[in-house]
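# Observations on the three-dimensional arrangement
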Amino acid sequence: MHDLNADLHCHSTVSDGTLSPEAVAERAKAQGVALWALTDHDELAGQHRAADAARRVGLDYLAGVEISVSFAGQTIHVVGLGIDLDDAALRQGLAETRGGRTRRARAIGDSLATVGIDGAFDGAEALAGNPDMLTRTHFARWMVATGVCRDTNEVFRHYLIRGKPGYVAQQWATLREAVSWIRGAGGLAVIAHPARYKYTPNEEWALFEEFTALGGRGVEVLTSSHSAADAAKYADTAREYGLLASRGSDFHSPSESRIDLGDLPPLPAGLTPVWSELQARIQRA
Ligand code: AMP
Ligand code: MN
Ligand code: MN
Ligand code: MN
């Protein structure tokens with residue numbers, strides 16, 4: 001159970017990945033993944049395709065989503081695992097969360113035009129597999145394709161983060177909403193990649209206090225943006241708050257992702273994996 005090759009965080013063309021849900025399933029299988037969840041941003045449209053593909057290639061599957069949340073002045077992500085895809089409140093909440101994306105993308109395009117980068121909205125839109133899910137990743141890819149920057153990381157550093165010319169603030173779901181939608185749909189809520197947030201120790205304490213008080217159950221200990229020290233730190237956080245530990249590559253693309261599907265190390269000893277509490281929600285291959 002502890003050593004299972006579970007990959008419970010990754011993306012397809014339904015949000016900002018470059019592979020279809022079917023291609024992600026095939027790649028996960030080839031990479032030795034045994035339990036998989038596709039967790040597209042704010043959107044369930046790939047879930048039936050992913051589950052069907054998982055069955056076809058012989059992967060156990062958990063329905064998943066990664067919800068964008070505004071908390072203490074920053075954007076954070078909450079992964080929901082084992083959710084009921086027909087849950088009306090979850091579906092409605094996600095529709096509202098992604099609803100402002102096109103307007104925001106137009107504002108990002110306008111903002112980039114003020115620093116001499118024209119046509120970014122159309123460029124990003126042409127790269128998006130799902131017209132309702134225009135993300136900063138699509139802008140970053142377009143700016144690499146047009147030679148503005150060498151790689152997407154450089155685009156984010158220079159253009160797409162707070163304080164930079166292409167940054168447009170957005171109000172996402174609240175932490176309370178995201179956790180309640182996931183719980184209401186029978187799923188388990190997990191704080192995604194906590195080391196990426198730029199919180200003070202007090203703000204981070206507030207995040208974990210509030211999250212657990214709301215019924216959030218897990219934290220990603222192993223994910224591609226965590227160093228070994230980050231993993232050790234959030235393993236301690238999991239023990240301190242009695243949270244379940246999750247493991248997910250956050251894979252987006254073969255050419256952009258530093259860690260491929262299934263390639264993370266095993267969870268540190270002494271942690272309880274999220275999948276131990278999700279057995280009844282797994283769709284067996
Ligand atoms: P959005 O939801 O439109 O704000 O886009 C957020 C997405 O941008 C994340 O899900 C990541 O895939 C990507 N992203 C955020 N920061 C970076 C970064 N520094 N380098 C590359 N991709 C990033
Ligand atoms: Mn993403
Ligand atoms: Mn994320
Ligand atoms: Mn992600």
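Structure: see above.
Residues numbered from 1 in each chain as written. Chains lettered and ligands numbered in written order. Predicted model: local features only at pLDDT ≥ 70, side-chain atom pairs only at ≥ 80, totals over all residues. Heavy atoms only, no water.

Of note, valine 57 is situated in helix 2 (residues 47-57). Looking at valine 57, the relative accessible area reads 23%, which means it is partly exposed. Distance in space between the C-alpha atoms of valine 57 and glutamine 171 is 38 Å, their sequence separation being 114 residues. Not counting chain neighbours up to four residues away, the residues in contact with valine 57 comprise Ala25, Glu26 and Lys29. (Helix = DSSP H or I, 4+ residues; strand = E, 2+ residues; numbered from the N terminus. Buried < 20%, exposed > 50% of the residue type's maximum accessible area, 1.4 Å probe, protein only. Contact = heavy atoms within 4.5 Å.)

The next point concerns the coordination of the manganese ion (ligand 3). Protein ligation of the manganese ion (ligand 3) involves Glu66 (OE), His77 (ND1) and His193 (NE2), the donor distances falling in the range 2.1 to 2.2 Å. Here the donor residues for the manganese ion (ligand 3) map to a single chain with the spacing E-x10-H-x115-H. Taken as a pair, the manganese ion (ligand 3) and the manganese ion (ligand 2) lie 5.4 Å from each other. Linking glutamate 66 in strand 4 (residues 64-71) with histidine 77 in strand 5 (residues 74-81), this pair joins segments that are 11 residues apart in sequence. With respect to class, glutamate 66 is no different from histidine 77; both count as buried. (Donors = N, O, S within 2.8 Å, 3.2 Å for Na, K, Ca; no water.)

What follows is about the sheet that holds strand 2 (residues 35-36). Here we have 3 strands laid out as an open sheet, ordered 1-2-3, and parallel in their pairing. Each having just a single partner strand, strand 1 (6-7) and strand 3 (60-61) make up the two edges of the open sheet. (Pairing = 2+ DSSP bridges.)

Turning next to the nonpolar core. One finds Trp36, Ile67 and Leu175 to be the most contacted residues of the largest nonpolar core, which totals 71 residues. Formed by 18 residues, the second largest nonpolar core is a distinct cluster that contains Ala105, Phe121, Ala124 and Met143. (Core = buried A, V, L, I, M, F, W, Y, C linked by side-chain atoms within 4.5 Å.)

For the manganese ion (ligand 2), the full set of protein donor atoms is Asp16 (OD), His41 (NE2) and His252 (NE2), at a range of 2.2 Å. Read in sequence order, the donor residues coordinating the manganese ion (ligand 2) give the pattern D-x24-H-x210-H.

A separate point is the site of ligand 1. By nearness alone, every residue bordering ligand 1 is listed as Asp16, His41, His77, Arg101, Arg104, Thr135, Arg136, Thr137, Asn153, Phe156, Arg196 and His252. One of the side-chain N or O atoms of arginine 136 is found 2.8 Å from an oxygen atom in ligand 1. Taking 510 Å² as the accessible area of ligand 1 by itself, protein coverage stands at 82%. Mapped by element, the contributors of at least two residues to the shell around ligand 1 are helix 4 (101-113), helix 6 (136-145) and helix 7 (152-160). (Near = heavy atom within 4 Å. Polar contact = N/O pair within 3.5 Å; in protein donor to acceptor, adjacent residues only side chain to side chain. Areas by Shrake-Rupley, 256 points an atom, 1.4 Å probe, with all protein chains shown as cover.)

Right, let's talk about the sheet that holds strand 6 (residues 188-191) for a bit. In spatial order, the strands read 4-5-6-7-8; together these 5 strands make up an open sheet with mixed pairing. In the strand order of this sheet, the two ends are held by strand 4 and strand 8 (244-247), each with one partner. Between one strand and the next, the sheet's axes are offset by a mean angle of 40°, whatever the strand orientation. As defined by bridge partners, strand 6 adjoins strand 7 (residues 218-222) across 2 bridges and the pair is classed as parallel. Paired with valine 190 across the two strands is glycine 218, which belongs to strand 7. (Axes fitted to C-alpha atoms, helices over the stretch in contact; angles between N-to-C directions.)

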